[in-house]
Amino acid sequence: MGGLVGRNLLAGPEPDVAADAGHPDPPPRMGFFTDTSVCIGCKACEVACKEWNAVPEDGLEFTGMSYDNTQGLGADTWRHVAFIEQNKPMGHAETGAGDGGATDLRWLMASDVCKHCTHAACLDVCPTGSLFRTEFGTVVVQEDICNGCGYCIPACPYGVIDQRKGDGRAWKCTLCYDRIGAGMEPACAKACPTDSIQYGPLDELRERAALRVDQLHDLGVDDARLYGHDPDDGVGGDGAFFLLLDEPEVYGLPPDPVVTTRDLPSMWRHAGMAAAAMLGGLAAVFAVHGRAGGGR
């Protein structure tokens, strides 16, 4: 494993993120597969997450967004159940609710969470080592080391990580690192009554998800697609990925996320070349002026 330790690439294939982060003989990479087609919007995952992780309450607001009172992920919302109301034909486009066929109204419900990216920009920009890659391939914030600089917040392509008001430190889902280290399921997956949130080895989850999409297509649900599962995407694949029933933008997800630190090496190279050119120009100017001064 010697050649892998500390490699920490900013982009590209990373088949073993835990080993590349320096963990010797790590277990299989663990993650979440969230099947939104069976989510009933009960919010048991939100409650279980708050209860186990002692996440503060985030208020009860009438947002005008159906039953969605939490609005999005944040420092005090590590699991967020979205309720999306659509006036969209299902089945035959020419039929309506009045003929006993398909209805024009549907709810899309989805439990969102930190993606635990293969290439986690939040981790790459953290100056204190507060963010670290666990032996399970997940990304965790150590709140006792976080200095509240906030660099990780704009670095996240999903807008997941956030600073807590009155605290200043960054907080997000840990994929229940304390639970999975003891061989337990994360609290949200344990509480989910429909198995919409599934936890396990990431490779197994990807296989299971592909079979589920094929099953839904066979049932005529042509809009079913996976999001965040592809190791060749802009973040190297997510440790928490989703089965969606519409475009990612409908769920508030970026359609083509890219790790924000991907271009840092080329940016530094260009900056270095520009600095070298400037220093070369200054050296030439001083050389010319030096010769001119010596002639006098």
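Residues numbered from 1 in each chain as written. Predicted model: local features only at pLDDT ≥ 70, side-chain atom pairs only at ≥ 80, totals over all residues. Heavy atoms only, no water.

Draft legend 1. Up close: the overall build of the chain. Summing up its helical and strand segments, the chain has eight helices and ten strands in all. When burial is assessed residue by residue, the chain has 42% of its 296 residues classed as buried. Pairs at least 24 residues apart make up 60% of the contacts formed inside the chain by residues separated by at least 6 positions. Carbon and sulfur atoms make up 57% of the accessible area of the chain, which totals about 15,300 Å². (Helix = DSSP H or I, 4+ residues; strand = E, 2+ residues; numbered from the N terminus. Buried < 20%, exposed > 50% of the residue type's maximum accessible area, 1.4 Å probe, protein only. Contact = heavy atoms within 4.5 Å. Areas by Shrake-Rupley, 256 points an atom, 1.4 Å probe, with all protein chains shown as cover.)

Draft legend 2. Just the pattern of salt bridges, in detail. One pass over the structure, following the stated rule, counts seven salt bridges. Arg 164 is the salt-bridge partner of Asp 76, the closest N and O atoms lying 2.7 Å from each other. Separated by 88 residues along the polypeptide, Asp 76 in the loop between α2 (44-53) and β2 (79-87) and Arg 164 in the loop between β6 (162-163) and β7 (170-171) bring together distant segments of the chain. Note on Arg 164: relative accessible area 13%, which makes it buried. Note that Asp 246 is salt-bridged to Arg 106, the shortest N-O span being 3.5 Å. One end of the pair, Asp 246, is in the loop between β10 (240-244) and α8 (264-295); the other, Arg 106, is in strand β3 (residues 105-113), with 140 residues separating them in the sequence. Comparing Asp 246 with Arg 106, the two get one shared label, buried. (Salt bridge = Lys/Arg side-chain N within 4 Å of Asp/Glu carboxyl O.)

Draft legend 3. Focus on the environment of Arg 206. Position of Arg 206 relative to the elements: it lies in helix α7 (residues 202-218). Here Arg 206 falls in the buried class, since its relative accessible area comes to 19%. Residues Arg 206 and Phe 241, spaced 35 residues apart in sequence, show a C-alpha to C-alpha distance of 8.7 Å. If we skip the residues at most four places from it in the chain, Arg 206 touches His 229, Pro 231, Gly 237, Asp 238 and Phe 241.

Draft legend 4. Inspection of the sheet that holds strand β1 (residues 30-35) at higher detail. Strand order in the open sheet formed by four strands is β8-β1-β10-β9, and the pairing between neighbours is mixed. Looking at the sheet topology across the chains shown, the edges are occupied by β8 (197-201) and β9 (225-227). Taking each pair of neighbouring strands and ignoring which way they run, the sheet shows an average axis angle of 25 degrees. The sheet strands contacting α7 are β1, β8, β9 and β10, and the helix crosses β8 at an angle near 135 degrees. (Pairing = 2+ DSSP bridges. Axes fitted to C-alpha atoms, helices over the stretch in contact; angles between N-to-C directions.)

Draft legend 5. Expanded view of the UniProt feature "binding site: [4Fe-4S] cluster 1" (unreviewed entry) in the chain. Mapped onto this structure's residue numbering, the UniProt feature "binding site: [4Fe-4S] cluster 1" (unreviewed entry) falls at Cys 39, Cys 42, Cys 45 and Cys 192. The annotated residues occupy 154 residues of the chain but converge on a single region, no pair of C-alpha atoms lying more than 10.6 Å apart. Inspection of the secondary structure puts Cys 42 in the loop between β1 and α2. Residue Cys 42 is classed as partly exposed on the basis of its relative accessible area, which comes to 42%. Along the chain, the position of Cys 192 falls in the loop between α6 (187-191) and β8. (UniProt positions renumbered as here; feature names shortened; annotations may be inferred.)

Draft legend 6. Expanded view of the packing of aromatic side chains. Across all of its chains, the model carries five aromatic pairs by this definition. When the ring of Phe 83 is compared with that of Trp 107, the centres are 6.1 Å apart and the planes differ by 85 degrees; the resulting orientation is edge-to-face. Of the two residues, Phe 83 is situated in strand β2 and Trp 107 in strand β3; the sequence distance between them amounts to 24 residues. For Phe 83, a relative accessible area of 9% corresponds to the buried category. (Phe/Tyr/Trp six-rings, centres within 6.5 Å; stacked < 30°, edge-to-face > 60°.)

Draft legend 7. Highlighting α7. With 17 residues, α7 ought to run about 24 Å at 1.5 Å a step, and its terminal C-alpha atoms sit 24 Å apart, in line with that. Where the residues of α7 are buried, they touch β1, β8, β9 and β10. Count one or two residues on from α7 and you reach Gly 220, which has phi positive near 95 degrees. (Expected span 1.5 Å × (residues − 1).)

Draft legend 8. Focus on unusual backbone geometry. Within the chain, Ala 54 stands out as a residue other than glycine whose phi angle is a positive 55 degrees. Along the chain, Ala 54 turns up in the loop between α2 and β2. Unusually for a residue other than glycine, Leu 175 sits at a positive phi of about 50 degrees.

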